[in-house]
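Here is what each chain is made of, one letter per residue.
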Amino acid sequence: MKFVPERLEVAAGDRITWTNRDFVPHSVTARAAGLESGDLGQDKSWTYVVKKPGEMAYICRLHPVMHGVLVVR
Amino acid sequence: MNWKQVLPLILVAPALALAQGKGPSDPQIAGIVVTANQIDIDAGKIAKSKSKNKEVKDFAQQMITDHNAVNQQAGALAKKLGVTPEDSETSNSLKKGAADNIASLKTLKGAQFDKAYVEHEVAYHQAVLDAIDKLLVPSAQNAELKGLIIKVRPAIATHLDHAKHIRASLGKK
């Protein structure tokens with residue numbers, strides 16, 4: 001259970017899509033940044049357009065030991 | 001830690017180690033998988049209703065959701081393969097250990113309950129991981145059954161990390 005890749009570098013304005021390839025639900029959540037995908041079931045996707053440059057750490061709200069980082073250039 | 005908290009820890013490991021001498025058959029492995037998941041669902045239901053700690057309740061709900069998802073996959077695969085899950089020494093020991101754990105949890109409340117539940121979840125998921133690596137994967141004959149167990153392993157490892165994280169946070173209170 002992990003985000004692949006755990007660290008992703010993108011440019012401001014890019015569209016990023018997370019797809020849950022697991023059979024249990026997951027989320028993409030960064031409370032401070034207001035990032036919340038809601039619960040994503042198996043094979044469900046969620047897309048987010050990054051706006052501002054910077055580093056954004058996120059977790060799976062359901063499995064908080066899952067971590068990811070989005071680096072926006 | 002009193003004896004009631006220690007007891008479930010002792011019971012889990014031998015239950016899963018019992019059948020290591022002679023590998024279980026595929027129907028027995030299916031039975032162990034279904035039983036092991038159901039046990040954690042049942043413990044989760046008790047924790048969800050008894051605990052007042054949000055972190056513990058959320059974790060318990062997650063165990064119910066995730067282990068139900070695993071059992072749905074296991075059920076679908078067993079049906080596809082025409083395998084009927086069978087009881088074995090291991091699954092029976094698991095059931096006995098689970099009944100003892102639940103009986104013990106029912107006598108506790110508040111912080112004592114949370115600690116006992118989370119401590120048991122740590123030990124249980126560690127024991128399940130060990131069983132996956134040393135017993136279930138090496139013994140599984142059918143490739144799809146073996147594949148399912150390998151696919152489930154990361155979820156168990158994540159649950160173990162999550163339970164350890166909560167144990168540490170409870171320890172600070």
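Just above sits the structure.
Along each chain, the written sequence defines residue order, and numbers are assigned to residues from 1. Just so you know, chain letters begin at A and ligand numbers begin at 1, following the order they were written in. With the structure being a predicted model, the display of local features is reserved for residues of pLDDT at least 70 and the display and counting of side-chain atom pairs for 80 or more, all residues being used for whole-chain, interface and lining totals. Where side-chain values are given, they derive from all heavy atoms of the structure, hydrogens and water being excluded.

A short note on the overall build of chain A
(1) Moving on: What chain A contains, in helices and strands, is zero helices and seven strands.
(2) Moving on: A run of DSSP states H or I qualifies as a helix once it reaches four residues; a run of E qualifies as a strand once it reaches two. Both are numbered from the N-terminal end. Reading the secondary structure of chain A in the N-to-C direction produces β-β-β-β-β-β-β.
(3) Moving on: By principal-axis analysis of the C-alpha atoms, chain A measures approximately 30 × 20 × 20 Å.
(4) Moving on: Contact definition: two residues touch when any of their heavy atoms are within 4.5 Å. Sequence-distant contacts in chain A: of pairs separated by 6 or more residues, those separated by 24 or more amount to 56%.
(5) Moving on: A 1.4 Å probe and the Shrake-Rupley method give the accessible areas. Residues count as covered only by the protein chains that appear here. Total accessible area computed for chain A in this model is approximately 4100 Å², and 51% of it derives from carbon and sulfur atoms.
(6) Moving on: The average position of the 10 basic charges and that of the 8 acidic charges among the side chains of chain A differ by 4 Å. For the charge count, each Lys or Arg is scored as positive and each Asp or Glu as negative, with His and the chain ends excluded. Just so you know, the charge point we use is NZ for Lys, CZ for Arg, CG for Asp and CD for Glu.

Some points on the interface of chain B and chain A
(1) Moving on: Counting residues at the interface gives 15 residues for chain B, matched by 10 residues for chain A.
(2) Moving on: In total, chain B and chain A occlude about 1100 Å² of area from one another, counting both sides; carbon and sulfur atoms represent 71% of this.
(3) Moving on: Contact with chain A buries area across many residues of chain B, yet Gln62(B), Thr158(B) and His162(B) alone supply 38% of it, more than any other trio.
(4) Moving on: We define a salt bridge as a contact between a side-chain nitrogen of Lys or Arg and a carboxyl oxygen of Asp or Glu at a distance within 4 Å. Across the chain B-chain A interface, the total number found is zero salt bridges.
(5) Moving on: Distance and chemistry together define a polar contact, namely a pair of N or O atoms within 3.5 Å, with one atom able to donate a hydrogen and the other to accept it when in protein, and with adjacent residues in sequence counting only for side-chain atoms on both sides. In this structure, the connection of chain B to chain A is made through one residue pair in polar contact (both at pLDDT 80 or more).
(6) Moving on: Mapped by element, the contributors of at least two residues to the side of chain B that touches chain A are helix H3 (54–81) and helix H6 (143–172) of chain B.
(7) Moving on: Top contributing element to the side of chain B that touches chain A by residue count: H6(B), with nine residues. Buried area is understood as the total, over both parts, of accessible area removed when two parts are fitted together, assessed with a 1.4 Å probe.

Re H3(B)
Residues and elements named next belong to chain B.
(1) Moving on: In this analysis, the expected span of each helix is defined as 1.5 Å times one less than the number of residues it contains. The end-to-end C-alpha separation of H3 is 40 Å, in line with the 40 Å expected for 28 residues at 1.5 Å each.
(2) Moving on: Near the N-terminus of H3, the side chain that reaches the backbone nitrogen of Glu 55, with its oxygen 2.8 Å away, is that of Asn 53.
(3) Moving on: Gly 82 sits one or two positions beyond H3 and adopts a positive phi of about 70°.

Things to note about the environment of Leu145(B)
(1) Moving on: Residue placement: Leu145(B) occurs in helix H6.
(2) Moving on: Separated by 11 residues in sequence, Leu145(B) and Ile156(B) place their C-alpha atoms 17 Å apart.

Description of the packing of helix H2 (residues 26–50) of chain B against helix H5 (residues 110–139) of chain B
Residue and element names in this part refer to chain B.
(1) Moving on: Axis lines are fitted through C-alpha atoms, for helices just across the contact stretch, and the angle between N-to-C directions can take any value from 0 to 180 degrees. Contact pair H2 / H5: the axes reach a minimum separation of 12 Å and the direction vectors enclose 170°. Taken as axis vectors, H2 and H5 run roughly antiparallel relative to one another. Each of Asp 26, Ile 29, Ile 32, Ala 36, Ile 39, Asp 40, Ala 43, Gly 44, Ile 46, Ala 47 and Lys 50 in H2 lies in contact with H5, whose residues at this interface are Phe 113, Tyr 117, Glu 121, Tyr 124, His 125, Leu 136 and Ser 139.
(2) Moving on: Residue composition of the contact of H2 with H5, grouped by class: 11 nonpolar, three polar and four charged. Geometric relationships in this document are graded by angle, where less than 35 degrees denotes roughly parallel, more than 145 denotes roughly antiparallel, 65 to 115 denotes roughly perpendicular, and other angles denote oblique. In this classification, Asp, Glu, Lys and Arg are treated as charged, Ala, Val, Leu, Ile, Met, Phe, Trp, Tyr, Cys and Pro as nonpolar, and every other residue, Gly included, as polar.

Here's the deal with the nonpolar core
(1) Moving on: If you look at the biggest cluster of nonpolar residues, it comprises 65 residues, and the most contacted ones within it are Trp18(A), Leu35(A), Tyr58(A), Leu70(A), Tyr117(B) and Ile149(B).
(2) Moving on: The element that contributes the greatest number of residues to this core is H5(B), accounting for 12 residues.
(3) Moving on: When sequence neighbours within four positions are dropped, the list of residues in contact with Tyr117(B) reads Ala43(B), Gly44(B), Ala47(B), Val56(B), Phe59(B), Ala60(B), Met63(B) and Leu105(B). Side-chain atoms within 4.5 Å link the members of a nonpolar core, which is a set of buried Ala, Val, Leu, Ile, Met, Phe, Trp, Tyr and Cys residues. A simple rule labels every residue: compare its accessible area, found with a 1.4 Å probe on the protein chains alone, to the largest value its type can have, and call it buried under 20%, exposed over 50%, or partly exposed in between.

Some points on the pairing of strand S5 (residues 45–49) of chain A
Residues and elements named next belong to chain A.
(1) Moving on: Every second residue of S5 is oriented toward a common face, the buried set being Trp 46 and Tyr 48 and the non-buried set Ser 45, Thr 47 and Val 49.
(2) Moving on: We treat two strands as partners when DSSP finds at least two bridges between them. In the sheet, strand S2 (residues 15–19) pairs with S5 via five bridges, with the strands oriented antiparallel. Residue pairing across strands places Thr 17 opposite Thr 47, the latter belonging to S5.

Let's talk about unusual backbone geometry
Peptide bonds are mostly trans, and most non-glycine residues show a negative phi.
All names here are of chain A.
(1) Moving on: Of note, the bond from Val 4 into Pro 5 is cis; its omega dihedral lies within 30 degrees of zero at -5°.
(2) Moving on: In this fold, Pro 5 is placed in the segment before strand S1 (7–10).
(3) Moving on: Backbone geometry places Asp 43, a non-glycine residue, at a positive phi of 65°.
(4) Moving on: Relative to the helices and strands, Asp 43 is located in the loop between strand S4 (35–36) and S5.

Section: the packing of aromatic side chains
Residue and element names in this part refer to chain A.
(1) Moving on: For Phe, Tyr and Trp, rings pair up if their centres lie within 6.5 Å, where Trp contributes its six-membered ring, and each pair is then called stacked (planes under 30 degrees apart), edge-to-face (over 60) or tilted (otherwise). By the definition in use, this model includes six aromatic pairs over all chains.
(2) Moving on: Their ring planes at 20° and their centres at 5.7 Å tell us that Trp 46 and Tyr 48 sit as a pair that is stacked. The exposure classification of Trp 46 matches that of Tyr 48, with both residues buried.

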